[in-house]
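# Residue-level structural notes
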Amino acid sequence: MSRPILKSTQSPNILLIMTDQHAARALGVAGDKAAQTPSLDKIAKSGTRFTNAYCASPLCVPSRTAFLTGLEPHQSGVLNNNDLLQSDIPTIAHSLGKAGYDCHLIGRMHFNGPDQLHGFSVRPIGDIGPGWPGAEAPYIGSLTNARGNRGDQISGSGRGETSYQAYDSAVTKTGIETLLQLAQKRDKTERPFFALVSLFCPHPPYVAAPEDYDAVVSQVPPPEIPAPKQRHQVHQQWAKLGLVGVIEPEAAIRARTAYYGLVRMIDRLVGDLVSTVSNRDDTIVIYVSDHGEALGERGLWWKSTFYDESAKVPLIISGPGIKSGATDNRVMSLMDVSATILDLADADHLPGQTGRSMASSQSWENRATSSYYGGLMNIKTPATRHRMLRRDHLKLCVYDGYAPQLFDLAKDPREIQDLSNERPKELSALMQEISETWNPEEIAKIQNSKAKRTKFLREWVQTTKPEERFRWKDPNPERNRYL
């Protein structure tokens, strides 16, 4: 296919909007009738939507770190949500800054530890979540039992107001102010900018404002993919520890409705952000999420699996040099997105960078990997070593100590039929490919060492309560209530 992305003769501004836990399928332009996403649909109409984009890990911190560094989790050492990214590992902000870009981070990035910038020069509003492993979660008052990420908390889903909604509004307001300032500076000095605006929703709690909840309440169907009669052993453990068996159908529908209400909200905020630069012909807009959301499909919830509901992400790119109204079906990852950004900005590749530029004229290999090592904070699973390889239409899922899964997405897009026993040659070839760059025994040693350090660090955090200088605190925590 012809390339939908071409390099500009001038250094473009780049506005990247990232959300948390937005499933790739939850877009109107993707055919989801429950998704009210006119702003994102409009961006897709003016640009290119990528249908096979995967996260490098179906979990917040390792996924975001992989995007920023171009390194897979086992390469950067950020395996789960407790891990700290070392400050001497360069990110795209370092490379873009070196190339002359003005790099601003506005909102959520889920950094752990004292370095809350990692190459960004300015961060006018920080994260709503903790900046240290073991620090307190955001206060949400009477909604605490609806925080999500465990089955017994799904029943608290519904209509209401939360600090998370307020946070996304504050991030958007700050983002608009920042974009206006950066645009004025670009016009005066010709210095390009990279603005990463990151929202928290539609991440749980599954509580949406009444205007958004009521707008979608009659349009959200039950899950389409039923729970299998016999789960893979890994998913049996996940479902048991996640308490998905206690979720009642009525609560599931409320949670799904609230989720789509939150999608409606973030679409509105994305529209507000994009309108700030919509009159400029020098700005590329990128929309993406860090991972997906199962939302009851297969009887599973949240993230942390390699099913497309969890591992795929929405990706839309629009602006100068981007083909309008196009759909790109290449298999790719978030690390390819960061490589593309650096290529478009004519910035240096990062040391050890894994991703490939989608603007390159070289032939494209339909390949993406994703890894999961445990570490979802509300579900205390043991350390795991899981790896996915998507090559063309085949997807291999490897679970250290358990049987693999093999799916043919061309014939079985819902990933129902495991072909690992029926296609031994293809299984063997893909297993060999994974083993060439991934050693679970070595990673297990790293995990054991990290677990001891993390335990020690968490105890220090809980005792000393170190300053979280960039953390956003809700000025009106009383807002957390059902409506």
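Right, let's get into the overall build of the protein. Scanning the protein for helices and strands turns up 12 helices and 15 strands. Computed over its C-alpha atoms, the radius of gyration of the protein comes to 21 Å, within 12% of the 23 Å expected for a compact globule of 483 residues. Across its three principal directions, the C-alpha atoms of the protein cover 60 × 55 × 50 Å. Taking the intrachain contacts of the protein between residues at least 6 apart in sequence as the baseline, contacts between residues at least 24 apart amount to 76%. Looking at the protein as shown, the accessible area adds up to about 19,200 Å², and 51% of this sits on carbon and sulfur atoms. For the protein, the distance from the average site of its 56 positive side-chain charges to the average site of its 54 negative ones is 1 Å.

Let us look at the pattern of salt bridges. Per the stated rule, a full pass over the model turns up 37 salt bridges. Across the pair Arg 268 and Asp 212 runs a salt bridge, and its minimum N-O distance is 2.9 Å. Of the two residues, Arg 268 is situated in helix 8 (residues 249–275) and Asp 212 in helix 6 (residues 210–216); the sequence distance between them amounts to 56 residues. Here Glu 468 ties to Arg 471 by a salt bridge, and the two come within 3.0 Å at their closest N and O atoms. Residue Glu 468 is classed as partly exposed on the basis of its relative accessible area, which comes to 23%.

This part takes up helix 12 (residues 440–464). With 25 residues, helix 12 extends 35 Å from end C-alpha to end C-alpha; this agrees with the ideal 36 Å at 1.5 Å per step. Inspection of helix 12 places Pro 440, Ile 443, Gln 447, Lys 450, Thr 454 and Val 461 among the buried residues, and these make up the whole buried set. Buried residues along helix 12 sit against helix 3 (73–76). Of the residues that open helix 12, the one with a side-chain oxygen 3.0 Å from the backbone nitrogen of Glu 441 is Asn 439. Positive backbone phi, at 50 degrees, marks Lys 465, one or two positions downstream of helix 12.

Before going further, it helps to spend a moment on the environment of Lys 455. Residue position: Lys 455 is located in helix 12. Using a relative accessible area of 52% as the deciding quantity, one classes Lys 455 as exposed.

All right, on to the nonpolar core then. Most often, soluble globular proteins have nonpolar side chains that are buried together. Counting residues in each nonpolar core, the largest one holds 79 residues, and the members touching the most others are Leu 15, Ile 154, Tyr 206, Tyr 259, Tyr 260, Trp 301 and Trp 302. In this structure Tyr 260 touches Ala 26, Asp 32, Ala 34, Ala 35, Val 216, Val 220 and Leu 295, once residues within four positions along its chain are discounted. Counting residues in hydrophobic clusters, the runner-up holds 39 residues, among them Phe 120, Ile 284, Val 288 and Trp 364.

Mapped onto the secondary structure, Leu 84 falls in the loop between helix 3 and helix 4 (92–98). The spacing of Leu 84 and Gly 131 is 47 residues in sequence and 9.7 Å in space, taken between C-alpha atoms. Beyond its immediate sequence surroundings of up to four residues, Leu 84 is in contact with Val 78, Asn 112, Gly 113, Pro 114, Pro 133 and Leu 457.

So, about the sheet that holds strand 9 (residues 315–318). A sheet is described by the order of its strands in space; here eight strands give the open sequence 4-3-6-1-8-9-2-10, paired in mixed fashion. Since the sheet does not close on itself, it has two edges, and those belong to strand 4 (122–125) and strand 10 (326–333), each with one partner. Averaged over neighbouring strand pairs, the angle between their axes works out to 20 degrees when direction is ignored. Direction of pairing for strand 2 (residues 48–54) relative to strand 9: antiparallel, over a ladder of three bridges. Within the sheet, the bridge partner assigned to Phe 50 lies in strand 9 and is Leu 315. Along the sheet face, helix 1 (residues 38–46) touches strand 2, strand 8 (283–289) and strand 9 and points at about 55 degrees away from the line of strand 9.

Before going further, it helps to examine the packing of helix 5 (residues 163–189) against helix 8. Helix 8 packs onto helix 5 with a crossing angle of 15 degrees between their chain directions and a minimal axis gap of 9 Å. On the basis of the axis angle, helix 5 is roughly parallel to helix 8. The way helix 5 lies across helix 8 gives a crossing that is right-handed. Counting all contacts with helix 5, which are made through Gln 165, Asp 168, Ser 169, Thr 172, Gly 175, Ile 176 and Leu 179, the residues of helix 8 involved are Leu 262, Met 265, Ile 266, Leu 269, Asp 272 and Leu 273.

With that settled, the discussion passes to the pairing of strand 12 (residues 386–391). Most of strand 12 sits inside the fold, with five of its six residues counted as buried. The pairing of strand 11 (residues 367–372) with strand 12 spans six bridges and is classified as antiparallel. Counted as the bridge partner of Arg 367 is Arg 391 from strand 12. Between strand 12 and strand 13 (residues 394–399), which pair antiparallel and follow one another directly, the connecting turn spans two residues, one of which, Asp 392, has a positive phi of 55 degrees.

Now for the sheet that holds strand 11. The antiparallel open sheet is built from four strands, whose spatial order is 11-12-13-14. Either end of the sheet is taken by a strand with one partner, and the two such strands are strand 11 and strand 14 (405–408). Strand-to-strand, the axes of this sheet are offset by a mean angle of 10 degrees, without reference to chain direction. Here strand 12 runs beside strand 13; their pairing, made up of six bridges, is antiparallel. Bridge pairing in strand 13 links Arg 390 to Lys 395.

Here we take up the packing of helix 2 (residues 60–69) against helix 10 (residues 334–344). Closest axis-to-axis distance for the helix 2/helix 10 pair is 7 Å, and the angle between their directions is 30 degrees. By the angle between their axes, helix 2 is roughly parallel relative to helix 10. Between helix 2 and helix 10 lies a crossing whose hand is right-handed. Residue-level inspection shows Ser 63, Ala 66 and Phe 67 of helix 2 in contact with helix 10, the latter providing Leu 334, Met 335, Val 337, Ser 338 and Ile 341. Of the residues assigned to the contact of helix 2 with helix 10, the class counts are six nonpolar, two polar and no charged.

Calculation rules
Residues numbered from 1 in each chain as written. Predicted model: local features only at pLDDT ≥ 70, side-chain atom pairs only at ≥ 80, totals over all residues. Heavy atoms only, no water. Helix = DSSP H or I, 4+ residues; strand = E, 2+ residues; numbered from the N terminus. Rg over C-alpha atoms; globule rule 2.2 N^0.38 Å. Contact = heavy atoms within 4.5 Å. Areas by Shrake-Rupley, 256 points an atom, 1.4 Å probe, with all protein chains shown as cover. Lys, Arg positive; Asp, Glu negative; His and termini not counted. Charge placed at Lys NZ, Arg CZ, Asp CG, Glu CD. Salt bridge = Lys/Arg side-chain N within 4 Å of Asp/Glu carboxyl O. Buried < 20%, exposed > 50% of the residue type's maximum accessible area, 1.4 Å probe, protein only. Expected span 1.5 Å × (residues − 1). Polar contact = N/O pair within 3.5 Å; in protein donor to acceptor, adjacent residues only side chain to side chain. Core = buried A, V, L, I, M, F, W, Y, C linked by side-chain atoms within 4.5 Å. Pairing = 2+ DSSP bridges. Axes fitted to C-alpha atoms, helices over the stretch in contact; angles between N-to-C directions. Parallel < 35°, antiparallel > 145°, perpendicular 65-115°, else oblique. Left-handed = near helix turned anticlockwise from the far one by under 90°. Nonpolar A, V, L, I, M, F, W, Y, C, P; charged D, E, K, R; others polar.

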